[in-house]
Amino acid sequence: MELDQHLNLCVFRAIENRVPVVRSVNTGISALIASDGRIEAVAQDAGGRRRSVEGFVVGRIALDDRLSPYTRVGDVFALACVGASAFGGVLVLVASLRTRKEAKP
């Protein structure tokens with residue numbers, strides 16, 4: 001189960017960054033993944049097993065000239081969320097201090 005999850009995570013990384021991935025692992029699932037997330041080829045044995053098999057895969061992967069939004073701006077969205085949360089926290093703290101001052105006789 002976890003070997004399939006690792007392959008799926010690799011597919012998402014390929015889509016996220018719009019780059020092809022050649023995944024070669026010792027005990028997992030080796031595969032060629034296109035930049036749009038399609039799994040082009042998987043190493044498997046004669047019985048069709050994909051996990052922990054010996055072998056190799058030969059294929060062609062096209063390079064993609066496009067840049068993904070994440071590649072262009074990086075963690076700007078995440079940093080903006082952190083900044084907005086910090087700003088909101090400061091506003092709540094200031095409002096709390098004002099309320100305490102007004103409540104004192």
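Computed from a predicted structure; not experimentally measured.

**As for the environment of G88**
Locating G88 in the fold gives a position in helix α3 (residues 76-103). Measuring from C-alpha to C-alpha, the distance between G88 and R60 comes to 50 Å, with 28 residues separating the pair along the chain.

**Here we look at the confidence of the model for the chain**
Mean pLDDT for the chain: 90, with 99% of residues reaching 70 or above. When pLDDT is averaged over each element of the chain, strand β2 (residues 31-33) comes out on top at 95 and helix α2 (residues 69-73) at the bottom at 85.

**Concerning the sheet that holds strand β1 (residues 21-23)**
Reading across from one edge, β1-β2-β3 is the order of the three strands in this open sheet, with antiparallel pairing throughout. Both edges of this open sheet fall to β1 and β3 (39-42), since each of them pairs with a single strand only. On average, each strand axis in the sheet is inclined to that of its neighbour by 10°, with strand direction left out of account. Here three bridges tie β2 to β3, and the two strands are oriented antiparallel to one another. Its bridge partner lying in β3, L32 is registered against A41.

**Description of the nonpolar core**
Counting residues in hydrophobic clusters, the biggest one holds eight residues: L7, C10, V11, A14, V21, I29, A31 and I33. At four residues, the largest contribution of residues to this core is made by helix α1 (residues 2-17). In contact with I29, not counting residues within four places along its chain, are L3, D4, L7, R23, V42, R50 and R51.

**Details of the environment of G89**
Tracing the chain through its elements places G89 in helix α3. Sequence-wise, G89 and G47 are 42 residues apart; in three dimensions their C-alpha atoms are separated by 58 Å.

**Focus on the side chain of R23**
Within the secondary structure, R23 sits in strand β1. Although R23 lies buried, it forms no salt bridge, and the closest oppositely charged side chain, D4, sits 8.4 Å away as judged by the N-O distance. Within the structure, R23 has its side chain in polar contact with the backbone oxygen of I29 (distance 2.5 Å). Setting aside residues up to four positions removed in sequence, R23 forms contacts with H6, L7, C10, I29, S30 and A31.

Calculation rules
- Residues numbered from 1 in each chain as written.
- Predicted model: local features only at pLDDT ≥ 70, side-chain atom pairs only at ≥ 80, totals over all residues.
- Heavy atoms only, no water.
- Helix = DSSP H or I, 4+ residues; strand = E, 2+ residues; numbered from the N terminus.
- pLDDT = per-residue confidence, 0-100.
- Pairing = 2+ DSSP bridges.
- Axes fitted to C-alpha atoms, helices over the stretch in contact; angles between N-to-C directions.
- Core = buried A, V, L, I, M, F, W, Y, C linked by side-chain atoms within 4.5 Å.
- Buried < 20%, exposed > 50% of the residue type's maximum accessible area, 1.4 Å probe, protein only.
- Contact = heavy atoms within 4.5 Å.
- Lys, Arg positive; Asp, Glu negative; His and termini not counted.
- Salt bridge = Lys/Arg side-chain N within 4 Å of Asp/Glu carboxyl O.
- Polar contact = N/O pair within 3.5 Å; in protein donor to acceptor, adjacent residues only side chain to side chain.

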